[in-house]
Amino acid sequence: MTEVKSIDARGLSCPQPAMLARQAMQKTGKGKLEILVDTETAHQNITRLAEHAGWRVTAEAQPDGITKLVLTK
Amino acid sequence: MPPTTIKGFMIRWGAIITGVAVGILAPVLVKLGNPGNMGICVVCFTRDTAGALGLHQASVVQYIRPEIIGLVIGALIAALAFREFKPRTGSSPFVRFFLGIFAAFGGLVFLGCPWRAYLRLGGGDGNAIFGIIGLVVGIVMGIGFLKSGFSLGRNRPAPKAMGWVMPVVMFTLLALLLVGPQFGRDADGNLIGPIFFSASGPGSQHARIFIALGVGLLVGFLAQRSRFCTVGAIRDSIMLRDNYLLKGVIALIVAAIITNLALGQFNPGFENQPVAHTNELWNIMGMVLAGLAFTLAGGCPGRQFFLTGEGDGDAAVFVTGMLVGTALAHNFGMASSGSGPGLYGPAITIIGIVVCIIIGLTMRDRKLGGVL
């Protein structure tokens, strides 16, 4: 079973959520990444970056306004 | 158009729409009375507001700028309407306070924030080129710190009431602007203050209150939806190869050039530009400091105001730092004037850059975003 790397980007200022996502995508190459975000800005920034890099992004709403972004490639 | 379609449209085109709106409306505000190439200048307007509150005594730059009030309330309306009003705080607020102070120092050495640097360029002011060069250098320095683990740490959710503090401050400023109370007395017993409005100079030049407020509201609303950021534009393009915000800034400059040409306000050159000086070195260095401080704080001055409308208490502390910083810059002879840098402007710029470098090197979190 492939390891799923999870990143907690909650509460971080710009551009750290997108930066962490980008680093993880580059390091992982392909597979599955899970990223927790708590702002719409981080959600949109990561989605744009990931889709541009050829990853598929799905968003799962979690309690307390948190969103889990699942990136697959 | 259904809400989801509007949202998708703004995600794709929001930055460009906001840039075009600012590029058109800012020169129009100049036409309607604002100082030259100062339709919207977030740092200058914070400075004018600080002066109106009596925090500094530079009598030519005192006025409560309705645009600033509008930026916050417009962002608040957007955040409430789209369920993005999420009060939060706790990410190194006192460090952010000092970053706000130093960002203001840097901006007032150049005579403008990134917003005004682009608007000055859009009005033909060649000195803005040096400011923008400095801005890029400062942002690149900030990127270096971010890549080596710089972080001000995570914020945490806060009670709803905390998110309303800055909007309430803005409503209070609006009331003070409309009422303009005068019950203080000077040495001769004449009524003066506590609110000061310039009788001459840039502070006396302004569009009508409700036009300026309306522009601020619209820009605040659009910018909250589009995440418009004049520092993030350069940062994301260099660091993440993401040009979404940069397209917004380019749109702003192009729209400003066209609007200024149409209004007969485009004056290409370096000499005799409005509220500007021609000292290349300190135009660059001032914006190196500002660019670095804004990057470490996570966004440009406008973005910091918009974030306060979303309930971000850390951005509110940064904004308060800018308010204090602009006042200190004038009280301590550090702000530039049309004739060049202030007496202590160069020294504080160097000190500010050193302080920001120390912050960049010492505020680190190597485990940032680690595996859950």
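A quick note: this is a predicted structure, and the numbers were derived from the prediction, not measured.

Caption draft 1: Molecular detail of the overall build of chain A. Assigned secondary structure in chain A consists of two helices and four strands. Listed by position from the N terminus, the elements making up chain A come as β-α-β-α-β-β. The globule rule puts the C-alpha radius of gyration for 73 residues at 11 Å, and the 11 Å found for chain A is close to it. Across its three principal directions, the C-alpha atoms of chain A cover 30 × 25 × 15 Å. Counting every position in chain A, which comprises 73 residues, the buried fraction comes to 58%. Here the contacts in chain A between residues at least 6 apart in sequence split such that 61% fall between residues at least 24 apart. As displayed, chain A offers around 3,500 Å² of accessible surface, 48% of which is attributable to carbon and sulfur atoms. Distance between charge centres in chain A, computed from 10 positive and 8 negative side chains, equals 10 Å.

Caption draft 2: Focus on the packing of helix 12 (residues 280–297) of chain B against helix 15 (residues 345–362) of chain B. Residue and element names in this part refer to chain B. It is the contact of helix 12 with helix 15, at a shortest axis distance of 10 Å, that shows an interaxial angle of 30°. The orientation of helix 12 relative to helix 15 falls into the category roughly parallel. When the axes of helix 12 and helix 15 are compared, the crossing they make is left-handed. Counting all contacts with helix 12, which are made through Trp-282, Met-285, Gly-286, Val-288, Leu-289, Leu-292, Ala-293 and Leu-296, the residues of helix 15 involved are Pro-346, Ile-348, Thr-349, Ile-350, Gly-352, Ile-353, Cys-356, Ile-357, Ile-359 and Gly-360. Residues that form the contact of helix 12 with helix 15 fall into these classes: 14 nonpolar, four polar and no charged.

Caption draft 3: Focus on the interface of chain B and chain A. The interface is formed by 28 residues belonging to chain B together with 25 residues belonging to chain A. Among the ionic pairs, Arg48(A) bridges to Asp242(B), the shortest N-O distance being 2.9 Å. Between chain B and chain A we count 11 residue pairs in polar contact (both at pLDDT 80 or more) in total. Among the secondary structure elements, those contributing two or more residues to the side of chain B that touches chain A are helix 1 (3–31) and helix 10 (232–239) of chain B. Take the side of chain B that touches chain A: its biggest share by element is three residues, from helix 10 of chain B. Its residues assigned to classes, the side of chain B that touches chain A shows nine nonpolar, seven polar and 12 charged.

The rules behind each value
- Residues numbered from 1 in each chain as written.
- Chains lettered and ligands numbered in written order.
- Predicted model: local features only at pLDDT ≥ 70, side-chain atom pairs only at ≥ 80, totals over all residues.
- Heavy atoms only, no water.
- Helix = DSSP H or I, 4+ residues; strand = E, 2+ residues; numbered from the N terminus.
- Rg over C-alpha atoms; globule rule 2.2 N^0.38 Å.
- Buried < 20%, exposed > 50% of the residue type's maximum accessible area, 1.4 Å probe, protein only.
- Contact = heavy atoms within 4.5 Å.
- Areas by Shrake-Rupley, 256 points an atom, 1.4 Å probe, with all protein chains shown as cover.
- Lys, Arg positive; Asp, Glu negative; His and termini not counted.
- Charge placed at Lys NZ, Arg CZ, Asp CG, Glu CD.
- Axes fitted to C-alpha atoms, helices over the stretch in contact; angles between N-to-C directions.
- Parallel < 35°, antiparallel > 145°, perpendicular 65-115°, else oblique.
- Left-handed = near helix turned anticlockwise from the far one by under 90°.
- Nonpolar A, V, L, I, M, F, W, Y, C, P; charged D, E, K, R; others polar.
- Salt bridge = Lys/Arg side-chain N within 4 Å of Asp/Glu carboxyl O.
- Polar contact = N/O pair within 3.5 Å; in protein donor to acceptor, adjacent residues only side chain to side chain.

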